[in-house]
Amino acid sequence: MLPLLASTLSGCGGTASAGPVVLNWYNFPDDSGALQQAADTCSHSSGGSYTIRYNKLPRTADGQRQQLVRRQAAHDTGVDIMGLDVTWTPEFAEAGWIREWTGQLKEQASIDTLEAALKTATWKDKLYAVPYNSNTQLLWYRDDLVPNPPRTWAEMLAQADALAKAGKPHYIEIQGAQYEGLTVWFNTLVTSAGGSILTPDAMAPSLGPPAVVAAGIMRDVARSPAADPSLPNQMEDENRLAMESGTAAFEINYPFVYPSMKANQPELFKHFKWAAYPAVAPDHPATVTIGGIDLAVGSYSKHTELAQQATLCLRNRDNQRTNALKGGLPPTLRSLYKEAEFSQSYPFAAQILANLESASLRPQTPAYQNVSIAISHTLSPPASIKPESTIADLRGQIEDALGSKGLIP
């Protein structure tokens, strides 16, 4: 009986004899080691107050969301800190699954943080998460094939066509599969054309002429010689691998491709350059969709205050720097982009910052998952898009999605 009693007592978190409180942090799986390093560093610096256990979520965003939704719907007290995709804050906040940040803690979470990143963590003017890392896409290209990078989609298609006629690598690698990446592509094109997917109150579809322009560009890319034959099935990692294989001249992707190219293809890396995301029209810079992860504290956590302290540590300056240099993920702290040492190791920092300062957000609505499914299903495959009629159909699909009709959350 005594061993059982001792075992029971040793399992009670927070008692002096039990040692540091264990905080469970659920986040995307990281192969670079940066997240585990952050967890270890913060655990050590807590002075024995807590230990952060890094739990890896599934690799796909849908799988990550599904696991977190199930845990929170079950009032799981073992979820202390969650890494949320920047589109999930409204849904989780509206459901009461994440805690609001207020007072001094909110101030600490907001200091030096990029405005667009803070917007992704905000719902109904309240801060519900802390931006951990940001993300944005650049145009990556080979300067041995393209001495002067294109400024617009039309220029890029023309350059790709010329390379194809010359028998040279010419593909434009971009996310064309039926998933969130297709929604991101469409959102960037729509906002770059001066429009939006939803109305300002997020209660109805907006779309209009900018959406028709966006759909037309997607169709033109998919039907051009620049289209990789695998375009309808490609996601970010397939794009990366295709570029590294030497068959492409252009790639629209996130900064993680830079350290990967450096490690995997050092000869091609010598010619691997970056430029601003292509504009829809000359003299109108693209408004690139912001990505990234926000850290939220679970409403059912038994250690809310410690979890908030740990969250601020996980996203501090040193950990964000490591996350960027090891994993390629852009920081959310503006001042990091001004560090000379950081810029030397992260040479595209200025372009990343420019993107994030003018970034567009995906629709902020608790029904975002339904809206995104409607978009990616309606626009897939891109080669089958008929701009006018496809956008008309999409309008109806989004109206149903906002009403949660006919779609699985």
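Residues numbered from 1 in each chain as written. Predicted model: local features only at pLDDT ≥ 70, side-chain atom pairs only at ≥ 80, totals over all residues. Heavy atoms only, no water.

1. Side note on empty space enclosed by the protein
The full count for this structure, using the stated rule, is one cavity of 30 Å³ or more. Forming the boundary of the largest cavity are Val86, Thr87, Pro90, Thr120, Ile290, Leu361, Arg362, Pro363 and Gln364. (1 Å grid on protein atoms, 1.4 Å probe; cavity = no way out; pocket = protein on both sides within 12 Å on 5 of 7 lines; lining within 4 Å. Points joined across faces, edges and corners; volume = space filled by probe spheres on them.)

2. Digging into the side chain of serine 43
Tracing the chain through its elements places serine 43 in helix α2 (residues 34-45). A distance of 2.7 Å separates the side chain of serine 43 from the backbone oxygen of alanine 39, its partner in a polar contact. Filtering out sequence-adjacent residues up to four positions away, serine 43 remains in contact with Tyr50, Thr51 and Ile52. (Helix = DSSP H or I, 4+ residues; strand = E, 2+ residues; numbered from the N terminus. Polar contact = N/O pair within 3.5 Å; in protein donor to acceptor, adjacent residues only side chain to side chain. Contact = heavy atoms within 4.5 Å.)

3. Re the confidence of the model for the protein
The predicted model of the protein has a mean per-residue pLDDT of 93, with 94% of residues at 70 or higher. Across residues 1-17, confidence stays below pLDDT 50; counting only partners more than four residues off in sequence or on other chains, it has four contacts. (pLDDT = per-residue confidence, 0-100.)

4. Quick look at the pairing of strand β1 (residues 21-27)
For β1, the buried fraction is high: six of the seven residues fall into the buried class. As paired strands, β1 and strand β2 (residues 50-56) are joined by seven bridges and run parallel to one another. Opposite valine 22, over in β2, you have threonine 51 as the bridge partner. The parallel pair β1 and β2, bridged by α2, forms a crossover whose chirality is right-handed. Note that β1 and strand β3 (residues 81-85) share two bridges and pair parallel. Among the inter-strand pairings, tryptophan 25 is bridged to a residue of β3, identified as isoleucine 81. (Buried < 20%, exposed > 50% of the residue type's maximum accessible area, 1.4 Å probe, protein only. Pairing = 2+ DSSP bridges. Right-handed = clockwise from strand over helix to strand, strands pointing away.)

5. Concerning the side chain of serine 376
In this structure, serine 376 sits in helix α17 (residues 368-378). Among residues more than four places away in sequence, those in contact with serine 376 are Gln178, Tyr179, Leu182 and Thr183.

6. Some details on the environment of serine 376
The class for serine 376 is buried, based on a relative accessible area of 4%. For serine 376 and alanine 177, which are 199 residues apart along the polypeptide, the C-alpha to C-alpha distance reads 8.1 Å. Within the local environment of serine 376, its side chain forms a polar contact with the backbone oxygen of isoleucine 373, the two atoms lying 3.3 Å apart.

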